[in-house]
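Below, each chain spelled out in residue letters.
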Amino acid sequence: MPNGFTRITSVPLFTRVDGVGDPLLLLHGGPGAHHDYLYPQMLALAEQHRVYTYDQRGGGQSKTDDPTPVTWRTQVDDLAQVIREFGLVPPTVPGPTIVGYSWGALLAMLYAIQCTTDPSLVPPARLVLISPAPITRAWRDMFEAELAARGRGEIIQGLREALAASGLRESDPAAYRQRSFELSVAGYFANPARATDLTPFRVTGKVQQSVWQSLGDFDLSVPLRAVNVPTLVLHGNDDPIPLASATAAADALGAELVVLPECGHVPYVERPSELFTAIEQFLVATS
């Protein structure tokens with residue numbers, strides 16, 4: 001399937017396919033973002049696998065004029081249709097191997113939970129959850145507080161002041177926008193300087209807000225125990241998302257947990273060798 005748009009979802013969603021080999025379905029973060037910022041680093045997966053991905057509804061090239069709020073159920077329904085459109089269903093494969101990053105990891109968990117009660121869905125064969133978004137509202141609140149605190153910290157504040165005093169806004173607007181983006185995401189990294197290596201992206205705010213609102217006072221720690229799927233969870237030890245959330249997710253899923261040292265929320269930038277080695281070892285062991 002070449003890059004293009006889905007045909008069976010209720011709105012067209014942009015799709016991309018790279019590589020050859022056993023298929024993987026890659027879910028980007030957000031919600032309201034798009035797949036581009038996972039690349040080029042995540043293309044390491046395409047060296048041994050056929051990697052399918054798509055821009056989730058409301059973001060990137062899957063923006064829509066439909067005024068209906070995008071909810072977590074919308075995203076789960078879309079994912080179910082995308083799995084079928086990509087052909088990641090028996091007998092072609094036992095089921096999709098889903099690699100989810102950040103919100104994409106939470107979306108993968110939400111989908112897997114729905115599969116336990118809806119026999120019309122195709123259950124995942126395996127899950128790889130990278131820097132998973134918090135699995136409870138309480139841990140999400142802790143994450144937001146920690147990220148805000150990092151943004152107010154001496155290092156990032158100093159970098160913002162230096163940018164403001166640089167005159168770059170007037171002399172090189174494009175460079176100024178790039179640096180502004182880097183500083184906006186610097187708090188996600190163990191070393192804020194590594195933000196220069198992240199591909200810039202935009203989040204559609206109304207989609208992000210509507211999805212999180214739709215989850216309400218969520219807590220997945222109990223529903224996840226009904227999921228019986230081989231799972232790998234990877235989390236940086238300096239991620240602003242509490243490690244306790246990833247640990248609880250791994251415990252509920254009976255999953256292997258890999259804690260990446262000196263790593264924040266973006267291990268495919270910060271610790272790519274350790275990340276992709278751990279993923280490949282898991283995929284080989286569970287094939």
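These figures come from a predicted structure and were not determined experimentally.

Rules behind the numbers
Residues numbered from 1 in each chain as written. Predicted model: local features only at pLDDT ≥ 70, side-chain atom pairs only at ≥ 80, totals over all residues. Heavy atoms only, no water. Core = buried A, V, L, I, M, F, W, Y, C linked by side-chain atoms within 4.5 Å. Buried < 20%, exposed > 50% of the residue type's maximum accessible area, 1.4 Å probe, protein only. Helix = DSSP H or I, 4+ residues; strand = E, 2+ residues; numbered from the N terminus. Phe/Tyr/Trp six-rings, centres within 6.5 Å; stacked < 30°, edge-to-face > 60°. Polar contact = N/O pair within 3.5 Å; in protein donor to acceptor, adjacent residues only side chain to side chain.

## Brief notes about the nonpolar core
- Among the nonpolar cores identified, the biggest contains 54 residues, and Leu25, Ile83, Trp103, Leu106, Tyr111, Ile135 and Leu224 are the most heavily contacted of them.
- Going through the elements one at a time, β3 (22-27), β4 (49-54), α1 (72-85), α2 (103-115), β6 (126-130), α7 (205-215) and α8 (243-253) are the ones with two or more residues in this core.
- When residues in this core are grouped by element, the largest group, 11 residues, is from α2.
- Formed by 35 residues, the second largest nonpolar core is a distinct cluster that contains Val128, Ile130, Leu234 and Leu275.

## A look at unusual backbone geometry
- In this structure, the amide linkage connecting Tyr39 to the following residue, Pro40, adopts the cis form with an omega of 10 degrees.
- Mapped onto the secondary structure, Pro40 falls in the loop between β3 and β4.
- Cis geometry is found at the peptide bond from Pro90 to Pro91, where omega equals 0 degrees.
- A positive phi is found at Ser102, a non-glycine position, where the angle reads about 60 degrees.

## Concerning the packing of aromatic side chains
- Per the stated rule, a full pass over the model turns up nine aromatic pairs.
- Judged by centre distance (6.2 Å) and plane angle (65 degrees), the ring pair of Tyr37 and Tyr101 falls under edge-to-face. Of this pair, Tyr37 sits in the loop between β3 and β4 while Tyr101 sits in strand β5 (residues 97-101); the two residues are 64 residues apart in sequence, bridging distant segments of the chain.
- A relative accessible area of 5% means that Tyr37 is categorised as buried.
- When its relative accessible area of 3% is taken as the criterion, Tyr101 is described as buried.
- Relative to Tyr188, the ring of Phe143 has its centre 6.2 Å away and its plane inclined at 45 degrees; by these criteria the two rings are tilted. You can see Phe143 sitting in helix α3 (residues 137-151) and its partner Tyr188 sitting in the loop between α6 (173-185) and α7, a full 45 residues away along the chain.
- With relative accessibility at 7%, the residue Phe143 sits in the buried group.
- Members of the aromatic cluster, joined through ring pairs, are Tyr37, Tyr101, Phe181, Phe201 and Tyr268.

## Examining the environment of Ser10
- Residue placement: Ser10 occurs in the loop between β1 (4-5) and β2 (14-18).
- With relative accessibility at 64%, the residue Ser10 sits in the exposed group.
- In this structure the C-alpha to C-alpha distance between Ser10 and Pro123, which are 113 residues apart in sequence, comes to 21 Å.
- In terms of polar contacts, Ser10 uses its side chain to reach the side chain of Arg57, at 2.6 Å.

## A short note on the side chain of Ser62
- Its location among the elements puts Ser62 in the loop between β4 and α1.
- The class for Ser62 is buried, based on a relative accessible area of 0%.
- In this structure the side chain of Ser62 is engaged in a polar contact, spanning 2.8 Å, whose partner is the backbone nitrogen of Phe14.

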